[in-house]
Structures are given as structure tokens and as C-alpha cells.
Amino acid sequence: MQGSGSTRQDDIAALALQAGLKPDLLARFPHALSGGQARRAAVARALSVVPRLIIADEPTAGLDVSVQGGVLNLFLDIRDRHDTAFLMITHNLAVARHVSDRIVIMYLGRVVESGTTAEIFRAPRHPYTKALLDSEPIPDPKHRRAEPPVIGEVPSLAARPAGCEFHPRCRHVRDRCRTEAPEDTQLGDSHSVRCHFPLEETKAVTAMAAG
Ligand code: SF4
């Protein structure tokens, strides 16, 4: 773990420090920690085994926005200092954009698009990805959406739609989509999409700018 001559208490204090926890918090019971402190304690615990990869499932869920920023910056700091990789699972696009190099979009538990963060946010090629980005709230009371970005409800996993599983909700659906499941198609070195009719790059960018 830490230096060979250190005691276990020294190691714990060093890990807590790395995770941004003050030493006086180490004597507290878990229920006496705030949400942000508990998240930092979980990070410190994960660091104790010197991981090459940390999987974080909704790491900022339930935290105030200011606390979220602290936890995410902690991840970036750990990544840079220890060369630790992070696999983060989140519904929060702002979080994904802030900390990720690559993004994988899943629908009904299957990958529908993957690419660098810049590619995904600049020009999403799958209609579901585009709908997700268009669903982000715009802090302008005058802004009104002409139509919802996606239609219908999420289907049951026990009754997956035939063909493209997104087709009952897709605004770009065509006949082929209802019967034939799309293959994963490589669009470039790092970008792939599972759609028969990927959005055109220029159209996606124009629509985002207008949205
Ligand atoms: S395959 Fe068809 S239904 Fe599925 S996302 Fe692409 S356009 Fe929409």
C-alpha cells in the first residue's frame, strides 16, 4: 500500500488525505458523514488496493452540484496522479462530458453508439444519443421545444422490440428498422454506431446548434 515503514494508521490517514478527507473525520461513524464525505471515503477505500481500474456506478447521484464537482475533480486528480482508469456509469450527461475521454451509449442494456467524448457531443450519429443530448434542460425560460426528443415509453426487457430495439421510439424509423436488427458499424477510427440510417454528421451538428 503506502511506504513500507508506515503503520496502518499512517496508511489510512494518507489515503484519506488523497481522497480529500480531513483527519478528524476518520473517527466518525459512517452515518455521521455527509453524502460527499461518504463518497470520498469510498474512493479512499478503493485506492487502498492500488487499483488500475475503478468502476464508479452513478458516483454523483444524490449529491449537491457543488459537492459533485469536488468528487469529479477528485477522480481526475487520481487519474492524473496514479494513472488509474475510471469506468463510470451515469445518466448525467454533464458528468460524462466533464470527466470522460470516451463515451459508450446504451439502450435497453445494449451498446448503440460509442466514440470519443468530443465526437459524441459534437455530432451524435444514433437517434437515441441525439435524443439524450436534446433532452438536457436549457436554462432559458423562453426556450420551448417544438416536439419531445423521443416518443413513447421504454419497453419491457421481457418483450424487446423486433428489429432495431429503438424503432418504436425513433423519429427516423423506416420499414427496414422494424424487422432487421442493425449491426455495429464503424464510422471512423474511434466512432461506431448501431443504426441502419445513422444521422448525417452535418445534420446532427446543425440540429444541435438550433436546439
Ligand atoms: S435503425 Fe432505424 S429505428 Fe433504429 S435508430 Fe436507426 S433509424 Fe432509428
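These lines cover the structure that appears in this document, whether it is placed above or below. Computed from a prediction, not measured in an experiment: that's the story for all the values here.

**Brief notes about the overall build of the chain**
Helices and strands together make up the secondary structure of the chain, namely eight helices and six strands. Moving toward the C terminus, one meets the helices and strands of the chain in the order α-α-β-α-β-α-β-β-α-α-α-β-β-α. Expected size for 211 residues packed as a compact globule is a radius of gyration near 17 Å; at 21 Å, the chain overshoots this value by more than 25%. Once the C-alpha set of the chain is aligned to its principal axes, its extents read approximately 70 × 40 × 35 Å. Out of the 211 residues in the chain, the part that is buried amounts to 33%. Taking all contacts inside the chain whose residues are at least 6 apart in sequence as the whole, residues at least 24 apart take part in 47%. Summed over all atoms, the accessible surface of the chain reaches about 13,100 Å², with 55% contributed by carbon and sulfur.

**With respect to the nonpolar core**
Ranked by internal contacts, the top residues of the largest apolar core, which has 17 residues, are Val43, Leu47, Leu72, Phe75 and Met88. The set of elements that each furnish at least two residues to this core consists of α2 (35–47), β1 (53–57), α3 (65–82) and α4 (93–99). Per-element tally for this core: the top contributor is α3, with six residues. Setting aside residues no more than four positions away along its own chain, leucine 47 makes contact with Leu15, Gln18, Ile54 and Ile78.

**Quick notes on helix α1 (residues 8–18)**
Burial in α1 covers these residues: Asp11, Leu15, Ala16 and Gln18. Here the buried residues of α1 occupy an arc of 160 degrees about the axis, which is enough to place them on one side. Turned more than 90 degrees off the buried face of α1, the exposed positions are Gln9 and Leu17. Its buried side turned inward, α1 meets α2 and α3. Once α1 finishes, glycine 20 follows within two positions and takes phi at roughly 80 degrees, a positive value.

**Notes on unusual backbone geometry**
Of note in this structure, glutamate 58 is not a glycine but carries a positive phi near 45 degrees. By secondary structure assignment, the location of glutamate 58 is in the loop between β1 and α3. For glutamate 58, a relative accessible area of 21% translates into the label partly exposed. The phi dihedral of leucine 108 is positive, around 50 degrees, even though this residue is not glycine. Checked against the element boundaries, leucine 108 lands in the loop between β3 (102–107) and β4 (110–116).

**A closer look at the side chain of threonine 84**
In this structure, threonine 84 sits in the loop between α3 and β2 (85–89). Ignoring sequence-local partners within four residues, the contact set of threonine 84 consists of Pro51, Arg52, Leu53, Ile54, Ile78 and Arg79.

Reading the values: rules and limits
- Residues numbered from 1 in each chain as written.
- Predicted model: local features only at pLDDT ≥ 70, side-chain atom pairs only at ≥ 80, totals over all residues.
- Heavy atoms only, no water.
- Helix = DSSP H or I, 4+ residues; strand = E, 2+ residues; numbered from the N terminus.
- Rg over C-alpha atoms; globule rule 2.2 N^0.38 Å.
- Buried < 20%, exposed > 50% of the residue type's maximum accessible area, 1.4 Å probe, protein only.
- Contact = heavy atoms within 4.5 Å.
- Areas by Shrake-Rupley, 256 points an atom, 1.4 Å probe, with all protein chains shown as cover.
- Core = buried A, V, L, I, M, F, W, Y, C linked by side-chain atoms within 4.5 Å.
- Arc of directions from axis to C-beta.

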